[in-house]
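Given next are the chains, with one letter for each unit.
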Amino acid sequence: MKIAQVAPLWERVPPLTYGGTELVVSQLTDELVRRGHEVTLFASGDSQTLARLEAVCPRAIRLDPEIKDYTVYEMLEISQVYERAAEFDLIHSHIGLAVLAIASRVKTPTIHTLHGNFTPENSKLFQLHHQQPYISISNAQRQLDLNYLRTVYNGIDVEKYSFFAQPQEPPYLAFLGRLSPEKGPHHAIAVAKQTGLPLKIAGKIDASDRSFFEREIAPQVDGKQIEYIGEVNRAQKIELLGNASVTLFPITWDEPFGLVMVESMATGTPVIGLNRGSVPEVISPGKSGFICNTIAEMVATVPQALELNRQTCREYVEQHFGIAQMVDGYEAAYQELLANRIAQNGRILSQNLALS
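- As annotated in an unreviewed UniProt entry, the protein chain is Glycosyltransferase family 4 protein from Scytonema millei VB511283.

With respect to a nonpolar patch on the surface
Link 1 in the chain: On the surface, a cluster of nonpolar side chains totalling about 250 Å² of accessible area is made up of Leu97, Leu125 and Leu128.
Link 2 in the chain: Relative to the assigned elements, Leu97 resides in the loop between strand S4 (90-93) and helix H3 (100-103).

Examining the UniProt feature "domain: Glycosyl transferase family" (unreviewed entry) in the protein chain
Link 1 in the chain: UniProt tags residues 166-314 as "domain: Glycosyl transferase family" (unreviewed entry).
Link 2 in the chain: Helix makes up 40% of residues 166-314 and strand 15%, and the two end C-alpha atoms of the span are 13 Å apart.

Looking at helix H11 (residues 310-320)
Link 1 in the chain: Of all the positions in H11, only Arg310, Cys313, Arg314, Tyr316 and Val317 are classed as buried. End-on, the buried residues of H11 take up no more than an arc of 155 degrees, which puts them together on one face.
Link 2 in the chain: The distance from a side-chain oxygen at the start of H11 to the backbone nitrogen of Gln311 is 2.8 Å, and the residue carrying that oxygen is Asn309.

Observations regarding unusual backbone geometry
Link 1 in the chain: Note that the residue after Val13, namely Pro14, is joined by a cis bond; omega there is -10 degrees.
Link 2 in the chain: Position of Pro14 relative to the elements: it lies in the loop between strand S1 (2-6) and helix H1 (20-34).
Link 3 in the chain: The residue after Glu169, namely Pro170, is reached through a cis peptide bond having omega -5 degrees.
Link 4 in the chain: Among the structural elements, Pro170 can be located in the loop between strand S7 (147-151) and strand S8 (173-176).

With respect to the packing of helix H5 (residues 185-195) against helix H10 (residues 295-306)
Link 1 in the chain: Packing of H5 against H10 brings their axes to within 9 Å, and their N-to-C directions diverge by 45 degrees. Overall, the two elements H5 and H10 adopt an arrangement that is oblique. Here H5 and H10 pass one another in a crossing that is right-handed. Of the residues in H10, those in contact with His187, Ala190, Val191, Gln194 and Thr195 of H5 are Ile295, Met298, Val299 and Val302.
Link 2 in the chain: Broken down by class, the residue content of the contact of H5 with H10 amounts to 6 nonpolar, 3 polar and no charged.

So, the pattern of salt bridges
Link 1 in the chain: Per the counting criterion, the structure on display carries 20 salt bridges.
Link 2 in the chain: Note that Glu231 is salt-bridged to Arg62, the shortest N-O span being 2.8 Å. Of this pair, Glu231 sits in the loop between strand S10 (226-228) and helix H7 (234-243) while Arg62 sits in the loop between strand S3 (52-54) and helix H2 (70-83), and the two are 169 residues apart along the sequence.
Link 3 in the chain: In the salt-bridge network here, residues are joined through shared partners; they are Glu11, Arg62, Lys204, Asp206 and Glu231.

Side note on the sheet that holds S8
Consider a sheet: its strands pair through backbone hydrogen bonds, and that pairing is either parallel or antiparallel.
Link 1 in the chain: Strand order across the open sheet formed by 6 strands is S10-S9-S8-S11-S12-S13, with parallel pairing between neighbours. The two strands at the open ends of the sheet, each matched to only one other strand, are S10 and strand S13 (289-292). Taken pair by pair, the neighbouring strands of this sheet meet at an average axis angle of 20 degrees, ignoring direction.
Link 2 in the chain: Pairing of S8 with strand S9 (residues 199-202), which is carried by 4 bridges, proceeds in the parallel orientation. The residue of S9 that forms the bridge with Leu173 is Leu199.
Link 3 in the chain: The sheet contacts of H5 involve S8, S9, S10 and strand S11 (246-249), and relative to S8 the element is tilted by about 175 degrees.
Link 4 in the chain: Where H7 meets the sheet, it contacts S8, S9 and S11, and its direction lies at approximately 145 degrees from that of S8.

Quick look at the pairing of S9
Link 1 in the chain: Taken together, S8, H5 and S9 constitute a β-α-β crossover, and its handedness is right-handed.
Link 2 in the chain: By the bridge criterion, 3 bridges tie S9 to S10 in an arrangement that is parallel. Paired with Ile201 across the strands is Tyr228, a residue of S10.
Link 3 in the chain: For the segment spanning S9, helix H6 (residues 210-217) and S10, crossover handedness is right-handed.

Here we look at the packing of aromatic side chains
Link 1 in the chain: Throughout the structure, instances matching the rule amount to 10 aromatic pairs.
Link 2 in the chain: Residues Trp10 and Tyr70 carry aromatic rings whose centres are separated by 5.8 Å and whose planes lie at 75 degrees to one another, so their mutual orientation is edge-to-face. Placement of Trp10 in the loop between S1 and H1 and of Tyr70 in helix H2 is noted, with a sequence separation of 60 residues between them.
Link 3 in the chain: Judged by relative accessible area, which is 36%, Trp10 ranks as partly exposed.
Link 4 in the chain: On the basis of relative accessible area, Tyr70 is assigned to the partly exposed category, the value being 21%.
Link 5 in the chain: With 5.3 Å between their ring centres and 55 degrees between their planes, Phe213 and Tyr228 make a pair best called tilted. One end of the pair, Phe213, is in helix H6; the other, Tyr228, is in strand S10, and 15 residues separate them in sequence.
Link 6 in the chain: Aromatic ring contacts, followed pair by pair, group Tyr153, Phe257, Tyr316 and Phe321 into a single cluster.

A look at the environment of Arg142
Link 1 in the chain: Within the secondary structure, Arg142 sits in the loop between strand S6 (133-136) and S7.
Link 2 in the chain: For the pair Arg142 and Phe118, spaced 24 residues apart in the sequence, the C-alpha separation amounts to 9.1 Å.
Link 3 in the chain: Apart from the residues lying within four places of it in its own chain, the contact partners of Arg142 are Ser136, Tyr148, Arg150 and Thr151.
Link 4 in the chain: A polar contact of 3.5 Å, which involves the side chain of Arg142, links it to the backbone oxygen of Arg150.

Rules behind the numbers
Residues numbered from 1 in each chain as written. Predicted model: local features only at pLDDT ≥ 70, side-chain atom pairs only at ≥ 80, totals over all residues. Heavy atoms only, no water. Patch = residues over 30% accessible without salt bridge, like charges linked within 9 Å, V, L, I, M, F, W, Y side chains within 5 Å. Areas by Shrake-Rupley, 256 points an atom, 1.4 Å probe, with all protein chains shown as cover. Salt bridge = Lys/Arg side-chain N within 4 Å of Asp/Glu carboxyl O. Helix = DSSP H or I, 4+ residues; strand = E, 2+ residues; numbered from the N terminus. UniProt positions renumbered as here; feature names shortened; annotations may be inferred. Buried < 20%, exposed > 50% of the residue type's maximum accessible area, 1.4 Å probe, protein only. Arc of directions from axis to C-beta. Polar contact = N/O pair within 3.5 Å; in protein donor to acceptor, adjacent residues only side chain to side chain. Axes fitted to C-alpha atoms, helices over the stretch in contact; angles between N-to-C directions. Parallel < 35°, antiparallel > 145°, perpendicular 65-115°, else oblique. Left-handed = near helix turned anticlockwise from the far one by under 90°. Contact = heavy atoms within 4.5 Å. Nonpolar A, V, L, I, M, F, W, Y, C, P; charged D, E, K, R; others polar. Pairing = 2+ DSSP bridges. Right-handed = clockwise from strand over helix to strand, strands pointing away. Phe/Tyr/Trp six-rings, centres within 6.5 Å; stacked < 30°, edge-to-face > 60°.

Rendered as structure tokens:
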């Protein structure tokens, strides 16, 4: 198949530090190339890929202080993609709302992976274009009545995640994610303080979350029990998660997937998460971690998580969240989409012949 992959421009593909969507796009794109597909990746110019790269900006927009309006570059990217739509068998969009209107006006089908959540505002546009084909990244994400082809869980290249048979001594808890209210770093601090275990926090601080960080997080960071180590790259992330005894995932919103859970379990470190969004679909209770309904439950569950088998955590990810499983799901969705399009075109042709 000739496939166009359309990535967000905010981060490079794959991301240097934070960027779950861009990591998934990178792994999907490269594996499709390995499987013999002809793939063009539309992304920032600093992206690294086995596919043919097309870019409208030289580097990730988050890292370019000269760019003031992200929307302009997103529109340039979309224009570039759909001006060339006839070159592809299908277009796979990872950028959400922005392509919906134009996607319905070209013959080349577009499949949309939903990487975010629905809001009262964006739901109006998704509902208007509900017949376009969508991929959900968890069943919990399916909060609107759309034309879902299937759920395809995000996958990782497990071999690139070192396995840590034993956590670091003395033990510590880990938190990795944006320092924002919905990710729950303040709850992770509460768990650490109530268990008496140290907590290492890593993640980026967006401008919109700066006041939250300075109000709720910074005053509790003492460099001893509560440590903030900043934004980490891939190698640092693996070290942080793999050396931890437990990774905390105390989200306060309906997380569509939560790749950090899979990454942690791949290193052997179990995850304790709050029962929101995709958490019940990602964590296997008593096997790769625990699912809790309250912060008090998370605190009470830490001793049990410390006893879980780290090899079992790793094997669970290999069996359910590898790249092969993810790309198998997408290939099946592509084939279904193109088969439906051929059948639809056949029906239209038959109707036209009958009328003539």
